[in-house]
Amino acid sequence: KNPKRASILFLTLSHLTMEASKIISGTCLKNLAGSSMIRKMFEEGIELRKVHGNEVLDFTLGNPTLEPPHQFTEALAEIAAHPPANLHYYMPNSGHVSCRAAIAAALTQWHGVNLTADQLCMTVGAAGALVTLFKTLCEPGDEVITLAPCFAEYASYMSHFGCVQKVCYPTATLDPDMGCLERIITDRTRCIVLNSPNNPTGHIYPVEVLKAMADLLTKKNQGRERPILILCDEPYRRLVYQGFTCPSIMPLYPYTIIASSFSKDLSLPGERIGFIAVHPHIYSPTVMAGIATSLRQLGYVNAPSLMQFAVERAVQSSIDMSWYQERRDLIYQAVVAAGLDCVEPSGAFYVFFKVPKGCTDAEMVAILKRRLVLSVPGTGFKAPGFVRMAFCVPLDDIRRLAPRLKEAADEARAMVAARTPRFLLAPQDSA
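The structure contained in this document is the topic of the report that follows. On a predicted model such as this, the values are computed, not experimentally measured, just so you know.

A few words now on the side chain of Glu234. Within the fold, Glu234 resides in the loop between β6 (229–233) and β7 (256–261). On the accessibility criterion, Glu234 (6% relative accessible area) is buried. Engagement of the side chain of Glu234 in a polar contact is seen with the side chain of His111, the distance being 3.0 Å. Beyond its immediate sequence surroundings of up to four residues, Glu234 is in contact with His111, Ser196, Ile258, Ala259 and Ser260.

Our focus in this paragraph is helix α14 (residues 395–418). Taking 1.5 Å of rise per residue, 24 residues should cover 34 Å, and α14 covers 35 Å from first to last C-alpha, within 8% of that figure. Within α14, the axis deviates most sharply at Ala402, by approximately 30°, and proline Pro403 lies no more than four positions further along. Every buried residue of α14 is accounted for by Leu395, Asp397, Ile398, Leu401, Arg404, Leu405, Ala408, Ala409, Ala412 and Val416. The inward-facing, buried residues of α14 abut β1 (57–58), α12 (321–337), β9 (350–354), α13 (361–370), β10 (373–374) and β12 (386–390).

This part covers the pattern of salt bridges. Counted by the stated rule, this structure contains 21 salt bridges. The partner of Arg400 in a salt bridge is Asp397, with the nearest N and O atoms 3.0 Å apart. Of this pair, Arg400 and Asp397 are both found in helix α14, 3 residues apart, which corresponds to roughly one turn of the helix. What makes Arg400 partly exposed here is its relative accessible area of 23%. On the basis of relative accessible area, Asp397 is assigned to the buried category, the value being 14%.

On to the pairing of β9, then. Taking burial as the measure, the 5 residues of β9 include 4 buried ones, the bulk of the element. The pairing of β9 with β12 spans 5 bridges and is classified as antiparallel. Within β12, the residue paired with Tyr350 across the bridge is Ala390.

Let us look at the sheet that holds β7. Pairing is mixed in the open sheet, where 7 strands are placed in the order β2-β8-β7-β6-β5-β3-β4. Strand pairing shows two members of the sheet lacking a second neighbour, β2 (120–123) and β4 (164–168), which therefore form its edges. Averaged over all adjacent pairs, the angle separating strand axes in this sheet is 20°, with direction ignored. Pairing of strand β5 (residues 189–194) with β6 involves 4 bridges; the strand directions are parallel. Note on β6: the bridge partner recorded for Ile192 is Ile230. Sheet strands in contact with helix α10 (residues 285–297) are β2 and β8 (274–278), and its direction is about 10° off that of β2.

So, about helix α5 (residues 97–111). Over its 15 residues, α5 extends 20 Å from the first C-alpha to the last, a length consistent with the 21 Å expected when each residue adds 1.5 Å. Looking only at α5, the buried set comprises Cys99, Arg100, Ala102, Ile103, Ala104, Ala106, Leu107 and His111. On the buried face of α5, the contacting elements are β2, β7, β8 and α11 (305–314). With its phi angle positive at about 75°, Gly112 sits one or two positions after the end of α5.

Our focus in this paragraph is the sheet that holds strand β11 (residues 376–377). In spatial order, the strands read β9-β12-β11; together these 3 strands make up an open sheet with antiparallel pairing. What marks the edges here is a single partner per strand, and that holds for β9 and β11. Across the sheet, α13 touches β9, β11 and β12, and the angle it forms with β12 is around 45°.

What counts and how
- Here, residues in each chain are numbered from 1, in the same order as that chain's written sequence.
- Under the rules for a predicted model, residues below a pLDDT of 70 receive no local features and side-chain atom pairs below 80 are neither given nor counted, while totals for whole chains, interfaces and linings still include all residues.
- Just so you know, side-chain values use all the structure's heavy atoms and leave hydrogens and water out.
- Helical segments are the DSSP runs of H or I of at least four residues, strand segments are the runs of E of at least two, and each set is numbered from the N terminus.
- Exposure classes here rest on a 1.4 Å probe applied to the protein chains alone. A residue is buried below 20% of its type maximum, exposed above 50%, and partly exposed in between.
- Two N or O atoms form a polar contact when they lie within 3.5 Å of each other; inside protein one atom must be a possible hydrogen donor and the other a possible acceptor, and for residues adjacent in sequence the pair counts only when both atoms belong to side chains.
- Contacts were defined at the residue level, with two residues in contact if any of their heavy atoms lie within 4.5 Å.
- How far a helix is expected to stretch is found by multiplying one less than its residue total by 1.5 Å.
- Bending is quantified residue by residue as the angle between axes fitted to the seven-residue window ending at that residue and the seven-residue window starting at it.
- Salt bridge, as applied in this entry: a Lys or Arg side-chain nitrogen positioned within 4 Å of an Asp or Glu carboxyl oxygen.
- Strand pairing is defined by DSSP finding a minimum of two bridges between the two strands.
- Helix axes use the C-alpha atoms of the stretch in contact, all axes being lines fitted to C-alpha atoms, and the angles between their N-to-C directions lie in the range 0 to 180 degrees.

As structure tokens, then:
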């Protein structure tokens, strides 16, 4: 509205960008340009809410809003009242032995593989665990296979160490395509990142798929100097809905390492507390010393001490899954009612639906945004043609979503029909 003011603003922003380029690296500027689509949409939601208030429905960020279980808060109170003598001291880089022992006992129960404190290293969240593992395990030029759809930040984590991302695309059921996986394995394949329950789909890989993967990798390992490792990124392992189970690949494949956290099952995303667990078959003191050294050299030094003592006492507890179950059921019904194809989420807190044929995921996200609904395009997850919604939100937001989602789906189908030549339309479309 004010050209003079706009010109001043443009010059100011240009000046700021120029000044920043003198301070931060070109690599960092490039990373800023390609930063997480999820975070971009989340920040856009903050700006939209300044204008439209609570009319904005934000399904972008998987940010648990459920409070931690009472066992955790009681543990914090107990620690505050009776603090351990070494609560605020340095410790071994791998973490407090008592904490690692408690988690090892829980993992033994959940995975059916005997683990001990010596085979664990506490980390700064699951992201910190993955970055530490890439540094420990990979040489520049090593290939890391991610199973699409996959978490967008994997690429940035591995890029620090010169790794090359290879993508295995899914079947129609959102399981890894074993034929695709076999084709992309090469002599430089170092590891596969396995995320189940999956972000962004909420899908749990069935045991038959895990067995097929284990068999394939066992065959591929023959004659290799270095075995192909599986890195299990599983912060959602205990977020499983009624009628489903989450099988573990650890009993099926000995070259497995777990990278996980308590961000989701204890609802502690801001506390940044996680761990690495190494299969006994590949455990050695040298392997664990390498992991601990990488942790220190990356600047983490050790996981937060207070959180280690707290999760030690609360590791067997979990959030109330009925809270997520109610939201999962409601949003899945809304997606189906809108006529959108979707694999029913069996875990985590995401729904991942296919956009109408002929529409792109970016177009669908834009159509939803016009209705003040924020979502994330599947392209960022190596899955174009899909849209992700995180449903760790108030129930009323999902209820208000349903009619807007139906309107958006109808608009997307109408848009496709309008730009499609009539002779290409199916009979029912041209009626």
